[in-house]
Each structure stands twice: as C-alpha cells, then as structure tokens.
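Residues per chain are reported as follows:
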Amino acid sequence: MIIFGTKGYLYQLAIVTLVCGRCGNPAAHTLRKRVTKFTLFFVPLFPVSTKYGTQCTFCGAESQLSGDQAEQLQAQAATAPAPGHGPQQANPFAQGNPFPQGGPGQGGPGQGGPGQGGPGQPGASGNPYQR
Ligand SMILES: [Zn+2]
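Residues numbered from 1 in each chain as written. Predicted model: local features only at pLDDT ≥ 70, side-chain atom pairs only at ≥ 80, totals over all residues.

Draft legend 1. Inspection of the overall build of the protein at higher detail. Within the protein, the secondary structure is distributed over one helix and four strands. Per-residue burial over the protein gives 8% buried out of 131 residues. Put simply, of all contacts in the protein between residues at least 6 apart along the chain, 57% involve residues at least 24 apart. (Helix = DSSP H or I, 4+ residues; strand = E, 2+ residues; numbered from the N terminus. Buried ≥ 20, exposed ≤ 12 C-beta atoms within 10 Å, placed from the backbone. Contact = placed C-beta atoms within 7 Å.)

Draft legend 2. Representation of the sheet that holds strand S2 (residues 26-40) in the model. Pairing in this open sheet of four strands is antiparallel, and the strands run S1-S2-S3-S4 from one edge to the other. The sheet is open, and its two borders are formed by strand S1 (4-19) and strand S4 (62-65), each paired with just one other strand. Strand-to-strand twist of the sheet, defined as the mean angle between neighbouring strand axes without regard to direction, takes the value 30 degrees. Two strands pair when backbone bridges link them, and S2 and strand S3 (residues 43-56) are joined in this way by 12 bridges, in the antiparallel orientation. Its bridge partner lying in S3, Thr-39 is registered against Pro-44. (Pairing = 2+ DSSP bridges. Axes fitted to C-alpha atoms, helices over the stretch in contact; angles between N-to-C directions.)

Draft legend 3. Molecular detail of the environment of Val-48. Within the fold, Val-48 resides in strand S3. On the basis of neighbour count, Val-48 is assigned to the exposed category, with 12 C-beta atoms found within 10 Å. Distance from Val-48 to Thr-36, taken between C-alpha atoms, is 5.6 Å for residues 12 residues apart in sequence. Residue contacts for Val-48: discarding those within four places in its chain leaves Thr-6, Thr-36, Lys-37 and Phe-38.

Draft legend 4. Examining the pairing of S2 more closely. Note that S1 and S2 share 15 bridges and pair antiparallel. Looking at the pairing, Gly-8 lines up with Thr-36 of S2. The turn joining S1 and S2, which pair antiparallel and follow one another in sequence, is formed by six residues; a positive phi near 75 degrees is taken by Gly-24. Taking the residues that link successive antiparallel strands as the turn, the S2-S3 hairpin has two residues, and the phi of Phe-41 there is positive, at about 55 degrees.

Draft legend 5. Quick look at the pairing of S4. Sheet topology places S3 next to S4; four bridges connect them, and they run antiparallel. Bridge pairing in S4 places Thr-54 opposite Ser-63.

Draft legend 6. Broad picture of the environment of Thr-17. Within the secondary structure, Thr-17 is located in strand S1. With 39 residues separating them in the primary sequence, Thr-17 and Cys-56 have C-alpha atoms 9.0 Å apart.

Put into structure tokens, the structure is as follows:
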C-alpha cells in the first residue's frame, strides 16, 4: 500500500512596506511563499506548486504575486532595514531538519596559531593544586 498526498508549507519571506491596493495605506505587507509538496509515506519529496503572495497587515487583503515580483520585493526588503526578517520561520510541520547544522568549514585551520601565550606568563601563578 502506497500512501501519498500533498502537504502545504507556508514561508514568511519578508515584510515589505507597500501601498495597499485595497485600503490605500502605505502599510507593512507580509511576503509569503506557499509551497505544496508531494509526499510519499508522509515524506515530502518535491514541490508541486509554489505560489507567492502578499498580505496587507492593515486591512488583511491578500494578493497573488508572480515569482519575479516576489523576488523583487524580497530584494527590496533585504536592502531596507527591516527588523526581524528571516526566511524559514514558523514552519510547525518541519520534521527532521534535512540540513545538518555545523557542516564542514567551522573551526578550520588557522585557529590557535603561533603567537598565543607568548612571553610574559612565567609559570602558573596562583594554582593551589600545583605542588
Ligand atoms: Zn490594505
């Protein structure tokens, strides 16, 4: 028996200030990406559809965007000093992070080279356990 289906993911990409098309206010809009993934045995395999949209935080109006528009907005938001923006927030359905943290490259060579502990420390001063 094969169990398959789809699963929706919602990513908040950025918060951008736009003039709302409905209420006309220059309000903050959340830029969101909705990804629907094909799942097999509850394991998401590949995205079937990706949709972008914005939602006005003032009146709540939602509007769809193309991927290009979303990228432009995200670039705008990245250059503007928007506080607390970050991708991949609020994904309560994340099962097992496929990206292991702390990959190669951390703590590479070069740390603790020569020069540390140079002259000037004559012996361990004040060590009560040293006889
Ligand atoms: Zn609005």
